[in-house]
Amino acid sequence: MTATSPTAPTGTKAPTGPTAPADTTASTGPTAPTAPTSAPPPSSTTAPPPPPVAATGARLLRGERNWWFLGPGGGLARLRPGQLTEDGTLRPGAERGLRQAGLLTAPAPRSYALTVLTSTHCNLGCGYCFQNTAQDSAGGSRPPRIARKRLTSRTITEILDFTDRQMAAAELAKLRILLFGGEPLLNPRGCLELLERAADHGLASAWMISNATLLTPALATGLADRGLRSVQVTFDGDRPDHDRIRIRRAEGGGTFDTIVRNLARASEASPLRWIFRVNVSQETYRGVDSLLDRLAAALDPARCTMYFAQVGDVGVGYGNDLRHTRDLSARFTRWQRRALDLGLGVARPQAHRPCATCGHGDGRYGAVVSADGTLASCWETAGKPDWEVGTVSGGYLPGALTRDRWVGCEDLYRRDEDRRTLAAFHDTVDAALLDYLDETGRL
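So, a few notes on the structure that sits alongside this text. Keep in mind that this is a model prediction, so the values were computed, not measured.

Side note on helix α8 (residues 326–341)
Then step 1. For α8, spanning 16 residues, the distance from its first C-alpha to its last is 23 Å, which sits close to the expected 22 Å at 1.5 Å a residue.
Then step 2. Tucked inside the fold, the buried residues of α8 contact β10 (273–280), α7 (288–298), β11 (304–310), β12 (345–346) and α10 (419–439).
Then step 3. In the segment just after α8, Gly343 is the residue with positive phi, at about 90 degrees.

Right, dumping it as C-alpha cells:
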C-alpha cells in the first residue's frame with residue numbers, strides 16, 4: 001500500500017490503465033512513505049481508542065484492478081490484494097498501516113469559512129433554484145423568490161466584527177470568503193468593499209458563485225486584485241438546453257453566449273480560474289458532450305475545472321426524472337474522461353468531510369450570512385423566513401432554538417432514491433475517475 005499526500009483538483013494544471021498493485025503517485029509533490037501493515041508493540045501509556053474508519057469519513061472505492069482509499073485529510077492510497085476482505089472491509093493490519101501513515105487523521109480547519117450573500121435578488125429565472133418559493137404560476141421566467149436584500153457598508157462592518165469574534169474563539173487566523181447570492185454581481189460595490197475590508201481581518205483567499213452574465217473585464221480585475229481566486233458558473237447542458245432553462249428573469253432570453261463571452265474577456269483581463277458546474281437532468285444530459293467541446297474551444301482549458309451534478313427538487317416542484325442508474329454512471333465517466341482529454345480539469349474524488357459552515361452545529365468554523373446580517377446554517381436556507389439561526393450583531397441563538405433549523409448541505413432535497421443507491425452511484429463514478437487518472441499518468 002503506497003500513500004500520497006493531498007493534491008489539488010485533477011487535470012492538466014487544475015485540481016484532480018494497468019495499475020501496479022501498490023503504487024500511487026501524487027500529481028503534486030513526492031510520494032509519501034509506504035504505510036506499514038502491522039503495528040509496533042503497544043506502549044505502556046494507555047491511549048484512547050481511535051475512531052472507527054467509517055467515523056473518519058474515509059472512503060473505500062472498488063476500481064477495475066484494485067481498491068482505492070480516500071482519507072479525510074485528502075490522502076490517497078492504492079490497496080494491495082489481501083488488505084481487504086471479500087466484502088470490502090479493511091483488514092486490521094491495513095487499517096493500522098493507514099493510521100501510521102496519517103491517512104485516517106482529519107486535519108483541523110486552517111481557516112474560517114465565511115459565506116456572504118451580497119444580494120438576495122437574481123437576474124435569472126431558473127425554475128429549480130432553491131431560493132424560489134414556488135414555480136412561476138404563468139409558466140414564465142419569474143418564479144417568486146426570497147425577499148430582496150442588499151449588502152451595505154454598515155452590515156459589512158457588523159459581519160467583519162462578528163467574524164473576528166468567531167475566528168478568535170476558534171483560534172483561526174486565516175479567512176476564506178465565498179461571495180454568494182442571489183446573484184452577487186447585482187451588488188458589485190458590496191463584493192469589492194467586502195473583499196477590500198476583509199484584507200485587514202486575515203483574508204487568505206476568496207471565491208464566488210455567479211451566473212457570470214454581469215461579469216466585465218474591469219470587475220474581474222478589481223475582484224482578483226482584492227483576493228478573488230476563482231468563480232463557479234453553472235451550465236445547464238449545451239447552448240440549446242441552457243438557453244431554455246437558464247433564462248433572464250426580465251424577458252426570458254437565453255444566456256449561454258453572454259456567459260461564455262464574459263468568461264473569455266475576463267480571462268484576458270485577470271488571472272481568475274473557472275469552476276463549471278454542469279447540471280444534469282432529463283432536460284440537459286444529451287448535450288453535455290458537445291458542451292465540453294464548446295467550452296474547451298472558447299476558453300483556456302487549463303484554467304477550467306468541471307464537475308457534474310444532478311439537479312434535485314428542494315420543494316419548489318422542479319422534477320428530475322433521471323435516476324442514478326448504471327447507464328448514467330457510464331455517462332458521468334465518459335464526460336469526465338472527455339473533459340480530461342480536452343485539457344479541462346476534473347475535481348478529484350474526496351473523502352466525506354463535514355462542511356465548514358453547516359457541518360458543525362455551533363458554527364464554530366464558518367458562517368453563512370445573508371445580505372441583512374441574519375445567520376443561516378447553510379446557503380440553502382439563507383434568506384428564507386423561519387430558518388434564521390441568529391444575527392451577526394447578536395450571534396447565534398441557543399441550540400435549543402436552532403436545533404430544527406440547523407440543516408446541512410442537500411438536507412432539503414427531495415429524492416425518490418435512497419441514500420444507499422446515491423452512495424453506490426458516486427462510488428462507481430469516483431472509482432472510474434481514479435482508474436482513468438492512473439491509466440493516463442494524471443494521478
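What to know about the pattern of salt bridges
Then step 1. By the definition in use, this model includes 20 salt bridges.
Then step 2. Residue Glu283 is joined to Arg244 by a salt bridge in which the shortest nitrogen-to-oxygen separation is 3.4 Å. With Glu283 in the loop between β10 and α7 and Arg244 in helix α5 (residues 239–245), the pair connects residues that are 39 residues apart, well separated along the chain.
Then step 3. With a relative accessible area of 47%, Arg244 lands in the partly exposed category.
Then step 4. When the shortest N-O distance is used, the salt bridge between Asp293 and Arg338 registers 2.8 Å.

Examining the environment of Leu401
Then step 1. Tracing the backbone through its elements, the reader meets Leu401 in helix α9 (residues 399–402).
Then step 2. Judged by relative accessible area, Leu401 falls into the exposed class, the value being 54%.
Then step 3. In this structure, the C-alpha to C-alpha distance between Leu401 and Gly390, residues eleven residues apart in sequence, is 9.8 Å.

Quick word on helix α4 (residues 217–225)
Then step 1. For α4, the set of buried residues is Leu219, Ala220, Gly222, Leu223 and Ala224.
Then step 2. Close packing links the buried residues of α4 with β7 (174–180), α3 (188–198), β8 (203–209), β9 (228–235) and α6 (256–269).
Then step 3. At the C-terminal side of α4, Gly227 shows a positive phi close to 115 degrees.

The rules behind the values
- Residues numbered from 1 in each chain as written.
- Predicted model: local features only at pLDDT ≥ 70, side-chain atom pairs only at ≥ 80, totals over all residues.
- Heavy atoms only, no water.
- Helix = DSSP H or I, 4+ residues; strand = E, 2+ residues; numbered from the N terminus.
- Expected span 1.5 Å × (residues − 1).
- Contact = heavy atoms within 4.5 Å.
- Salt bridge = Lys/Arg side-chain N within 4 Å of Asp/Glu carboxyl O.
- Buried < 20%, exposed > 50% of the residue type's maximum accessible area, 1.4 Å probe, protein only.

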